[in-house]
Amino acid sequence: MEAAVRVIARSGVRGLRVEELAAEAEVSTALLYYHFKDRAGLIQRTLAFISDRATGYTDEAVSGTEDARTVLLQLLLSEIQDTDRVRENSIAWGELRASAIFDTELRATLAESTRSWTQDTAEAVSDAQAAGLADLRVSPLDVADRLTALVEGLSERWLSGSLTLERARELLAGAVDAELGPRPE
C-alpha cells in the first residue's frame with residue numbers, strides 16, 4: 001500500500017500503471033491482481049490506506065495534548081507538515097478526490113473517508129465547546145466541514161508552491177480562531 005501511495009503521489013491516479021506499482025513494491029503484477037482483483041480495487045484500497053495512515057499521524061500529533069482547542073488545531077495542522085508520509089498522503093488524497101469527479105466508483109469510498117475525518121474534527125470542536133474553549137453558538141459539524149475543506153485547499157496550494165508551508169499553517173491557525181471565537185482568558 002505504501003508503494004501505491006508513492007506511485008500515485010509521483011504519477012497521479014491516471015498515470016498509475018499496475019506494472020509500475022509492482023516494480024515499486026517488488027512484487028509481481030499477478031500478486032497485485034490476486035489481492036486487489038483489478039485496478040479499481042487497488043485504488044479503493046489505497047484510499048482506505050491513506051485514511052488509516054492519516055489517522056496514525058494525527059493521533060501522534062495530539063498525543064499528550066490536553067487542551068481541547070489545541071487538540072483541534074494540532075489535528076488539523078498535522079495534515080500540513082513537511083514529512084514524506086504527509087506529503088505523499090496529501091498529494092495522493094488530492095489526486096483521488098480529483099479522480100472521483102470522473103470515476104463514480106471512487107465516490108462512495110471517498111465520501112465515507114471524508115465523513116469520518118469531518119466527524120473526528122466535529123468531535124474535537126464539541127470537546128472545545130464543552131471545555132469552555134469555543135463559542136457554543138457554532139455548529140461543530142459546520143465548523144468541521146469548513147475547516148477540513150480549508151485544510152485540503154491550503155494543502156494543495158502549499159504542495160503546488162502557491163503558499164509556503166508556514167503561511168498555510170498560519171492561515172489554518174487563524175481560521176480555527178475565527179471559527180471558535182476568542183480564546184477565554
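Reading the values: the criteria
Residues numbered from 1 in each chain as written. Predicted model: local features only at pLDDT ≥ 70, side-chain atom pairs only at ≥ 80, totals over all residues. Heavy atoms only, no water. Helix = DSSP H or I, 4+ residues; strand = E, 2+ residues; numbered from the N terminus. Expected span 1.5 Å × (residues − 1). Buried < 20%, exposed > 50% of the residue type's maximum accessible area, 1.4 Å probe, protein only. Arc of directions from axis to C-beta. Contact = heavy atoms within 4.5 Å. Axes fitted to C-alpha atoms, helices over the stretch in contact; angles between N-to-C directions. Parallel < 35°, antiparallel > 145°, perpendicular 65-115°, else oblique. Nonpolar A, V, L, I, M, F, W, Y, C, P; charged D, E, K, R; others polar. Patch = residues over 30% accessible without salt bridge, like charges linked within 9 Å, V, L, I, M, F, W, Y side chains within 5 Å. Areas by Shrake-Rupley, 256 points an atom, 1.4 Å probe, with all protein chains shown as cover. Salt bridge = Lys/Arg side-chain N within 4 Å of Asp/Glu carboxyl O. Lys, Arg positive; Asp, Glu negative; His and termini not counted. Charge placed at Lys NZ, Arg CZ, Asp CG, Glu CD. Polar contact = N/O pair within 3.5 Å; in protein donor to acceptor, adjacent residues only side chain to side chain. 1 Å grid on protein atoms, 1.4 Å probe; cavity = no way out; pocket = protein on both sides within 12 Å on 5 of 7 lines; lining within 4 Å. Points joined across faces, edges and corners; volume = space filled by probe spheres on them.

Novice: Is there a simple way to think about helix H9 (residues 165-180) in this case?
Specialist: Every α-helical turn comprises 3.6 residues, leaving residues that sit three or four positions apart pointing alike. Look at H9: 23 Å from first C-alpha to last across 16 residues, which is about the 22 Å you get at 1.5 Å a residue. What H9 keeps buried is the set Leu-165, Ala-168, Leu-172, Ala-175, Val-176, Glu-179 and Leu-180. Buried residues of H9, seen end-on, are gathered within an arc of 115° and therefore sit on one face of the element. Seen from the open side of H9, the exposed residues pointing more than 90 degrees away from its buried face are Glu-166 and Ala-178. Looking at the buried residues of H9, the elements they touch are helix H5 (68-77), helix H7 (104-130) and helix H8 (140-159).

Novice: Would you explain the packing of helix H1 (residues 2-11) against helix H4 (residues 39-62) in this entry?
Specialist: A pair of packed helices is characterised by two quantities: the angle between their axes and the separation of those axes. Look at H1 against H4: their axes get within 10 Å of each other, and the N-to-C directions meet at 100°. The angle between H1 and H4 falls in the class roughly perpendicular. For the pair H1 and H4, contact is made by Glu-2, Ala-4, Val-5 and Ile-8 and by Thr-46, Phe-49, Ile-50 and Arg-53, respectively. Class assignment for the residues of the contact of H1 with H4 results in five nonpolar, one polar and two charged.

Novice: What is the right way to read the environment of Arg-107 from this model?
Specialist: With respect to the secondary-structure elements, Arg-107 resides in helix H7. In this structure Arg-107 comes out as partly exposed when scored by relative accessible area, which is 40%. Separated by 73 residues in sequence, Arg-107 and Tyr-34 have C-alpha atoms that sit 24 Å apart. In this view, Arg-107 contacts Ala-100, Ile-101 and Phe-102; residues no more than four positions away in its chain are not counted.

Novice: How should I be thinking about a negative patch on the surface in this particular structure?
Specialist: Taken together, the side chains of Asp-59, Asp-120, Glu-123 and Asp-127 define an acidic patch exposed on the protein surface. Broken down by element, the negative patch gets its largest block of residues, three residues, from H7. For Asp-59, the location among the structural elements is in helix H4.

Novice: Please clarify how the side chain of Thr-148 should be interpreted in this entry.
Specialist: On the secondary structure map, Thr-148 appears in helix H8. Within the structure, the side chain of Thr-148 is placed 3.4 Å from the backbone oxygen of Asp-145, a separation counted as a polar contact. In contact with Thr-148, other than residues within four places in its own chain, are Leu-76, Trp-117, Thr-118 and Thr-121.

Novice: Can you walk me through the layout of surface pockets in this structure?
Specialist: Rolling a probe over the atoms, with the probe sized like a water molecule, indicates the empty space that remains. Considering only enclosed or pocket space, the largest pocket measures out at about 490 Å³ in volume. Every residue lining the largest pocket is counted, 27 residues in all, and those nearest its centre are Ser-51, Ala-54, Thr-55, Glu-79 and Trp-117. Contributions of two or more residues to the lining of the largest pocket are made by H4, H5, helix H6 (84-100), H7 and H8. Element by element, the count of residues in the lining of the largest pocket is highest for H4, at nine residues. Class assignment for the residues of the lining of the largest pocket results in 10 nonpolar, nine polar and eight charged.

Novice: Mind showing me how you'd approach the pattern of salt bridges here?
Specialist: Any two side chains of opposite charge can pair, given that their charged atoms come close. Going through the model one piece at a time under the given rule, you end up with 12 salt bridges. A salt bridge links Arg-87 to Asp-82, with the shortest nitrogen-to-oxygen separation between them at 2.7 Å. Between Glu-170 and Arg-167 there is a salt bridge; the shortest N-O distance is 2.4 Å. Pair noted here: Glu-170 and Arg-167 are both in helix H9, with a separation of three residues, about one helical turn. Overall, Glu-170 belongs to the partly exposed group, its relative accessible area being 49%. Among the charged side chains, a salt-bridge network with shared partners connects Arg-6, Arg-10, Glu-20 and Glu-24.

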